[in-house]
Amino acid sequence: MASLKNFTDKFKRITYSGRYLPEIDGLRFIAIFIVVCQTHLGTYIQDSVLQLTDQSGYIHRFLLEGTYGVSIFFIISGFILALPFAENKLLQGKPVILKQYLWRRVTRLEPAYIITLIGYFILRVYVYRYETFGELLPHFFASLFYMHNIVYDSHSSINGVAWSLEVEIQFYLLMPLLSYLYSIKNTITRRGVFLALTIGGVIFSYYHQYDVANFLYKGCYFFCGMLLADIYLLTKKNFDNSIYTFTGAAFLIISLFIPGYYENVFFSILKIILVFIFFFLIIKNSTLKKWFSYTPVAIIGGMCYSIYLLHIGVLGILRHGFAHIVFSSNAWVNVSIHCVCAIIAIVIVSGIFFLLVEKPTMKRDWYKNIFRKKKGS
């Protein structure tokens with residue numbers, strides 16, 4: 001047991017904020033599971049393993065709803081990034097130093113992003129020969145500076161999932177300005193503003209769902225996270241009754257099967273309401289908090305950034321040959337084997353990348369040690 005604990009400890013995230021919430025990593029697990037398994041793994045099975053061409057049925061629309069996982073990521077980002085700003089303005093906590101806030105983004109998230117971007121560039125140009133060096137280079141720089149959505153009006157040609165990171169960086173830069181909403185003294189008015197921005201944003205987003213994403217279209221989820229941060233900090237009561245436990249679990253499950261964005265604007269509103277409630281109950285209900293803090297769940301959730309950056313590349317590699325292997329004449333057995341193999345491959349590759357690249361850059365001022373070693377040599 002001790003050796004197993006030592007092994008799992010290697011994959012735990014490094015945090016310095018003093019407010020590590022393991023249940024949030026559990027929510028990240030749900031989000032990355034939806035993105036990877038529902039949309040990208042589902043599409044991989046549909047297109048490459050089963051070679052189905054019908055894109056009009058419920059199954060295809062259900063797979064598209066995997067973007068719901070990205071919406072959960074946006075809400076988590078809104079919640080986590082808003083907490084120190086909300087604490088400062090609502091509870092007179094210490095002020096956020098913007099220089100440290102911005103530099104932390106550069107040192108914590110950029111190395112992994114840049115390394116994967118270079119890796120995908122090499123694969124596309126020199127291995128798969130999808131584009132030439134000259135053709136792809138402008139797209140590389142547009143992606144590098146989080147401008148591909150704006151410049152090309154399309155998802156990144158290097159790493160398609162980077163579209164959401166471009167939206168994230170827009171919110172990251174706007175957060176210090178948006179935090180002034182917490183300066184509204186009246187609690188009902190302040191939360192009413194957040195709620196209006198959330199619901200109004202969902203309606204606006206629904207009617208722009210096929211446009212290339214930006215903060216204007218996806219801001220509703222970040223505002224939802226900011227509202228959650230407000231309520232979380234000022235609500236001392238815990239909702240530990242078993243009814244709340246059941247409600248949180250039920251709302252999470254129900255939300256997975258509501259066809260929001262590709263079906264109906266009212267479903268879209270219902271979906272974010274359900275997410276808001278189960279998110280709040282997960283951080284305020286002891287039983288749900290315990291479930292979502294379960295070590296394997298929290299560890300995989302903590303690795304979600306590495307998984308998010310790499311899973312599409314792993315599935316892309318599997319499309320070249322492996323996807324066409326038939327393990328059984330029974331379609332369900334064949335699909336199950338492919339799913340298991342793909343998930344194992346994604347977890348192994350992402351786990352190695354997490355240990356070698358992402359986790360070391362979680363350490364504060366990690367780059368200074370590199371410069372010290374160079375000077376010493």
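Our subject is the structure that appears above.
Notes on the structure follow.

What counts, and where the lines are drawn
Residues numbered from 1 in each chain as written. Predicted model: local features only at pLDDT ≥ 70, side-chain atom pairs only at ≥ 80, totals over all residues. Heavy atoms only, no water. Salt bridge = Lys/Arg side-chain N within 4 Å of Asp/Glu carboxyl O. Helix = DSSP H or I, 4+ residues; strand = E, 2+ residues; numbered from the N terminus. Buried < 20%, exposed > 50% of the residue type's maximum accessible area, 1.4 Å probe, protein only. Phe/Tyr/Trp six-rings, centres within 6.5 Å; stacked < 30°, edge-to-face > 60°. Lys NZ or Arg CZ within 6 Å of the ring centre and 35° of its normal. Expected span 1.5 Å × (residues − 1). Arc of directions from axis to C-beta. Contact = heavy atoms within 4.5 Å. Polar contact = N/O pair within 3.5 Å; in protein donor to acceptor, adjacent residues only side chain to side chain.

**Considerations on the pattern of salt bridges**
Close approach of charged atoms allows side chains with opposite charge to pair. For the structure shown, the criterion picks out six salt bridges. Close ionic contact of R28 with D25 constitutes a salt bridge, the shortest N to O distance being 2.6 Å. Taken together, the residues R28 and D25, both in helix α2 (residues 22-49) and three residues apart, mark about one turn of the helix. What makes R28 buried here is its relative accessible area of 15%. Here R124 ties to E131 by a salt bridge, and the two come within 2.7 Å at their closest N and O atoms. Since its relative accessible area comes to 21%, R124 is described here as partly exposed. Put simply, R190, R191 and D230 are held in one network by salt bridges that share partners.

**A short note on the packing of aromatic side chains**
Under the counting rule described, the total for this entry stands at 24 aromatic pairs. Relative to F222, the ring of F171 lies with its centre 4.3 Å away and its plane at 20 degrees, an arrangement referred to as stacked. You can see F171 sitting in helix α8 (residues 162-178) and its partner F222 sitting in helix α10 (residues 215-234), a full 51 residues away along the chain. A single burial state applies to F171 and to F222, both of which are buried. Residues F204 and Y217 carry aromatic rings whose centres are separated by 5.6 Å and whose planes lie at 45 degrees to one another, so their mutual orientation is tilted. Residue F204 is found in helix α9 (residues 187-206), and its partner Y217 is found in helix α10; the two are separated by 13 residues along the sequence. Taking the relative accessible area as the measure of exposure, Y217 reaches 14% and is therefore buried. Here a set of aromatic residues connected by ring pairs shows up, and it is made of F74, W163, F171, F215, Y221, F222 and F223. When the ring centre of Y68 is taken as reference, the NZ or CZ atom of K271 above it lies at 4.4 Å.

**Quick word on unusual backbone geometry**
In this structure, R129 is a non-glycine residue whose phi angle is positive, near 55 degrees. Judged by its relative accessible area of 63%, R129 falls in the exposed class. Phi is positive for Y146, close to 55 degrees, though the residue is something other than glycine.

**Structural notes on α9**
Spanning 20 residues, α9 covers 28 Å between terminal C-alpha atoms, matching the ideal 28 Å at 1.5 Å per step. All of the buried residues in α9 are R190, F194, T198, G201, V202, S205 and Y206. Down the axis of α9, the buried set is contained in an arc of 140 degrees. They therefore lie on one face. As for α9, its buried residues are in contact with α4 (67-90), α10 and α12 (265-284). In this structure N186 caps α9, since a side-chain oxygen of it lies 3.1 Å from the backbone nitrogen of I188.

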